[in-house]
Amino acid sequence: MEIFGDSISGNCLKVKWTADWIGLSYRWIETNVLTGETRTAAYLAMNPAGQVPMVRFDDGRILTQSNAIIVHFAEGSALIPVDAFQRAKMFEWLFWEQYSHEPYVAVARFHVRYLGTSPSDLEPRIVERGKGALALLDDALGRSDFLVDDALSLADIALVAYTRVANEGGFDLDDYPAVRRWIARVEQAANITD
Ligand SMILES: N[C@@H](CCC(=O)N[C@@H](CS)C(=O)NCC(=O)O)C(=O)O
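All values reported here derive from a predicted model rather than from experimental measurement. (Residues numbered from 1 in each chain as written. Predicted model: local features only at pLDDT ≥ 70, side-chain atom pairs only at ≥ 80, totals over all residues.)

*Asks:* Is there a simple way to explain the site of the ligand in this structure?
*Replies:* Looking at the ligand, there are 13 residues lining it, with S9, N11, V33, Q51 and S66 nearest. Among the residues forming the shell around the ligand, the class breakdown is three nonpolar, nine polar and one charged. (Near = placed C-beta within 6 Å. Nonpolar A, V, L, I, M, F, W, Y, C, P; charged D, E, K, R; others polar.)

Printed below as a string of structure tokens:
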């Protein structure tokens, strides 16, 4: 299969890390969002949303949305809890990541690191909501080594993607000590080096 992704994107890297952890074989197609490679006619024909990550399976089927992809990849693996309630807790984190974390922590980073915005010029709501998301994570991780059932799951892989680079968006991770310890723990458990 082919994974279309931009290596600067946490949404794409979480797909790569999950595939690597499971040992799937794939071809990585580097797709630059900054130069509009997701907006060409050929790309839009595959994914009308014009975004990465996107997977094209050998039979031509297409799958998009990072968290849908990692759930599909990890089906039957230890990254998805067997217990139905714990599995639902994992989904709770995955939905929260897309609605209440990524739109602030990742967007702040994109503006600061890739568009050259000064952290002090970021929209205050983005900063406030980003800090709130990091504080919520810190609180949860003060009580448990991993987000779900004290074991590495897709919740950790999805949430570490932008949390580990939150400083690039002007957030100070020193304010969230439990988060910092968890980042190191997840990087080691999930073999994350890039
Ligand atoms: N909810 C989507 C978000 C995907 C997304 O925002 N992708 C960005 C890169 S992180 C993108 O492709 N941006 C290019 C564009 O919108 O033109 C997911 O989790 O996959």
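*Asks:* When you look at helix α4 (residues 84-115) in this model, what are you seeing that I'm missing?
*Replies:* For an α-helix the count is 3.6 residues per turn, leaving residues at separations of three or four pointing the same way. The sharpest bend along α4 reaches about 55° and sits at H101, with the proline P103 one to four residues further on. Taken as a whole, α4 has its buried residues at M90, W93, L94, E97, H101, E102, Y104, V105, A106, A108 and R109. On its buried face, α4 is in contact with α1 (10-22), α3 (66-74), α5 (124-141) and α6 (154-163). One or two steps after α4, the chain reaches G116, where phi turns positive at roughly 80°. (Bend = angle between axes of the 7 residues up to and from the residue. Helix = DSSP H or I, 4+ residues; strand = E, 2+ residues; numbered from the N terminus. Buried ≥ 20, exposed ≤ 12 C-beta atoms within 10 Å, placed from the backbone. Contact = placed C-beta atoms within 7 Å.)

*Asks:* Can you walk me through the nonpolar core in this structure?
*Replies:* Across soluble globular proteins, nonpolar side chains show a tendency to be buried alongside one another. Core analysis: the largest hydrophobic core is formed by 45 residues, its most contacted members being I70, V105, L134, L154, A155 and A158. Looking at this core, the elements that each hand over two or more residues are β1 (2-5), α1, β3 (54-56), α3, α4, α5, α6 and α7 (177-189). When residues in this core are grouped by element, the largest group, eight residues, is from α6. When residues are assigned to domains, this core turns out to be shared by domain 1 (2-74) and domain 2 (84-189), each giving three or more. Beyond its immediate stretch of four places on either side in the chain, A158 contacts K14, N67, I70, L94 and E97. (Core = buried A, V, L, I, M, F, W, Y, C linked by C-beta atoms within 7 Å. Domains from an automatic or database assignment.)

*Asks:* Sorry, what's going on with the pairing of β1 here?
*Replies:* Relative to strand β2 (residues 27-30), β1 runs parallel, the two being bridged by four bridges. Each residue of the ladder has a partner; that of F4, found in β2, is I29. With respect to chirality, the unit in which β1 leads through α1 into the neighbouring parallel β2 is right-handed. Direction of pairing for β1 relative to β3: antiparallel, over a ladder of three bridges. Bridge pairing in β3 places E2 opposite R56. (Pairing = 2+ DSSP bridges. Right-handed = clockwise from strand over helix to strand, strands pointing away.)

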